[in-house]
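# Fold and geometry: a report
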Amino acid sequence: MKNAVIGNNKQKANLIVLGAVPRLLYLLQQETSSTELKTECAVVLGSLAMGTENNVKSLLDCHIIPALLQGLLSPDLKFIEACLRCLRTIFTSPVTPEELLYTDATVIPHLMALLSRSRYTQEYICQIFSHCCKGPDHQTILFNHGAVQNIAHLLTSLSYKVRMQALKCFSVLAFENPQVSMTLVNVLVDGELLPQIFVKMLQRDKPIEMQLTSAKCLTYMCRAGAIRTDDNCIVLKLDHDLKHAHELRQAAFKLYASLGANDEDIRKKIIETENMMDRIVTGLSESSVKVRLAAVRCLHSLSRSVQQLRTSFQDHAVWKPLMKVLQNAPDEILVVASSMLCNLLLEFSPSKEPILESGAVELLCGLTQSENPALRVNGIWALMNMAFQAEQKIKADILRSLSTEQLFRLLSDSDLNVLMKTLGLLRNLLSTRPHIDKIMSTHGKQIMQAVTLILEGEHNIEVKEQTLCILANIADGTTAKDLIMTNDDILQKIKYYMGHSHVKLQLAAMFCISNLIWNEEEGSQERQDKLRDMGIVDILHKLSQSPDSNLCDKAKMALQQYLA
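What you see is a predicted model, and the numbers here were worked out from it, not measured in a lab.

Thresholds applied
Residues numbered from 1 in each chain as written. Predicted model: local features only at pLDDT ≥ 70, side-chain atom pairs only at ≥ 80, totals over all residues. Heavy atoms only, no water. Phe/Tyr/Trp six-rings, centres within 6.5 Å; stacked < 30°, edge-to-face > 60°. Helix = DSSP H or I, 4+ residues; strand = E, 2+ residues; numbered from the N terminus. Buried < 20%, exposed > 50% of the residue type's maximum accessible area, 1.4 Å probe, protein only. Lys NZ or Arg CZ within 6 Å of the ring centre and 35° of its normal. Expected span 1.5 Å × (residues − 1). Contact = heavy atoms within 4.5 Å. Polar contact = N/O pair within 3.5 Å; in protein donor to acceptor, adjacent residues only side chain to side chain. Axes fitted to C-alpha atoms, helices over the stretch in contact; angles between N-to-C directions. Parallel < 35°, antiparallel > 145°, perpendicular 65-115°, else oblique. Salt bridge = Lys/Arg side-chain N within 4 Å of Asp/Glu carboxyl O.

## Looking at the packing of aromatic side chains
Evaluation of the coordinates by the stated rule reveals 4 aromatic pairs. The interplanar angle of 70° and the centroid separation of 5.1 Å between the aromatic rings of F175 and Y220 together place this pair among those described as edge-to-face. Here F175 is found in the loop between helix 12 (160–174) and helix 13 (178–185), whereas its partner Y220 is found in helix 15 (residues 208–223), with 45 residues between them in sequence. Assessed through its relative accessible area of 37%, F175 is described here as partly exposed. Here Y496 and Y497 contribute two aromatic rings whose centre-to-centre distance is 4.8 Å and whose plane-to-plane angle is 70°, an arrangement assigned as edge-to-face. Sitting over the ring of W381, K421 keeps its end group 4.3 Å from the ring centre.

## Here we look at helix 30 (residues 416–429)
Count 3.6 residues to each turn of an α-helix, and residues three or four apart come out pointing the same way. Look at helix 30: 20 Å from first C-alpha to last across 14 residues, which is about the 20 Å you get at 1.5 Å a residue. Along helix 30, the residues that are buried comprise V418, L419, T422, L423, G424, L425, L426, N428 and L429. Turning to helix 30, the residues buried within the fold contact helix 27 (373–387), helix 28 (392–402), helix 29 (404–411), helix 31 (433–456) and helix 32 (461–475). The opening residue of helix 30, the one whose side-chain oxygen lies 2.9 Å from the backbone nitrogen of N417, is D415.

## Quick notes on the packing of helix 4 (residues 35–49) against helix 5 (residues 53–61)
The contact between helix 4 and helix 5 brings their axes to 8 Å, and the two run at 135°. Classified by the angle between their axes, helix 4 and helix 5 sit oblique to one another. The residues of helix 5 that touch helix 4, namely those facing L45, L48 and A49, are N55, V56 and L59.

## Here's the deal with the pattern of salt bridges
Inspection of every chain in the model, using the stated rule, returns 22 salt bridges. Put simply, K200 and E192 hold a salt bridge, and the shortest N to O gap is 3.0 Å. Taking relative accessible area as the criterion, K200 reaches 40% and is therefore assigned partly exposed. Judged by relative accessible area, which is 25%, E192 ranks as partly exposed.

Given below as structure tokens:
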């Protein structure tokens, strides 16, 4: 169950509908269940809670919180951590009432006691406190149970996550609360006063999130009169920050974009940072073009992750604001936004379907007509991803919206990237037999003309290889292969490339021949005879002696079709 639901909201919803939650909670609370079983149950429940808000509502309806709080009384640390992790996920959801944490008066003191158990209990408990501390009543309860003393030493923890969550706790405890603020001024941690620790956390070498949260703590203490308003640490830092809010946001987004560009672990950390995705998505509708551009760049960088495309990007419905950005934006934003759309249209991305339904085909076809080559590339690239293993209807929509005239204009584009992606689109459109036959029956003449022109033109090896692969796809059709067999010019070109000096082109030409002579298909005998008369068999014999093992094997396999 655990492996089935990770990163898959559909599976999570299915399991909930099938009644898995009451059963998991029953096993979690059974005294006869082993600790390992209880821990696994808590982990699965935590994963279900990571899904949609409806999932969390279903868990709350099954009274998950009392069951997990009961689990915290266990002596087993791994089980306690699993329960806390799940509680953290549930309490950080906007649908969970904070009051559920305060219903039982024994819960807060017990959580305070668990703070010393491990870095994970520290991280999760601080996160729960910072989310469930809403207003003076909650502040007073936490304060009276020793929150300041218990959490202060966590600010010097070796774990960044623990330091960060502890800092957030202080920011919510001090918010509009003079009593807490006055206490914080005199707290000593490792011989250093708390305000000094906050000032250290403002330094530029610290993560932006840490700088901003420690700035909040100092601001709240200042408002409460605990720190003088003319204190240097307040005046110099915050005045500067307020003046440059846009520049800071832009810099933050740019920084995250750079950090996440090539490292999956860092991308995961960025996305798991609390409220980060919401902030980036909000950045897409900022008034400042520079901030909007930086936010799109940041999302584009994060969209390189397969896992995040399947999870966070879907959970936050990133495609919606992105489609909005694409409707009306300057070219510099359009280039990055359309590049990101290419990633969202990959076949494993759950966003692919809603994007298609929101009119993406027309929008992308429009981009292919741009004067900006980068936009033409992205438009055609996104269409290529859209057409990969797509249904016939989607392929027909693409061809209709793009028009054959525009498709052939793109095939003669001066930009090599545009040409390569257009060939990629054509190759994806011409896949699976019924689709190949259908498209070739309506557009066969023009496609064969385009293929001929490219094979005759002054193009590089990669372009010609892609073109021969398109021919191989056509040769795999049932009726479409006749368009090759009745075109002597194309057959001569395939023969020529079988004897080319470049192995890639020889292999691609070989695929065409293999598909044409395959024995089990109707008319194969006539096709074999015609190709034998052209001298293809002699070339196959020669290639079966090739030093390239791949080419040699393919030639031998083709010859077997003649012997069968």
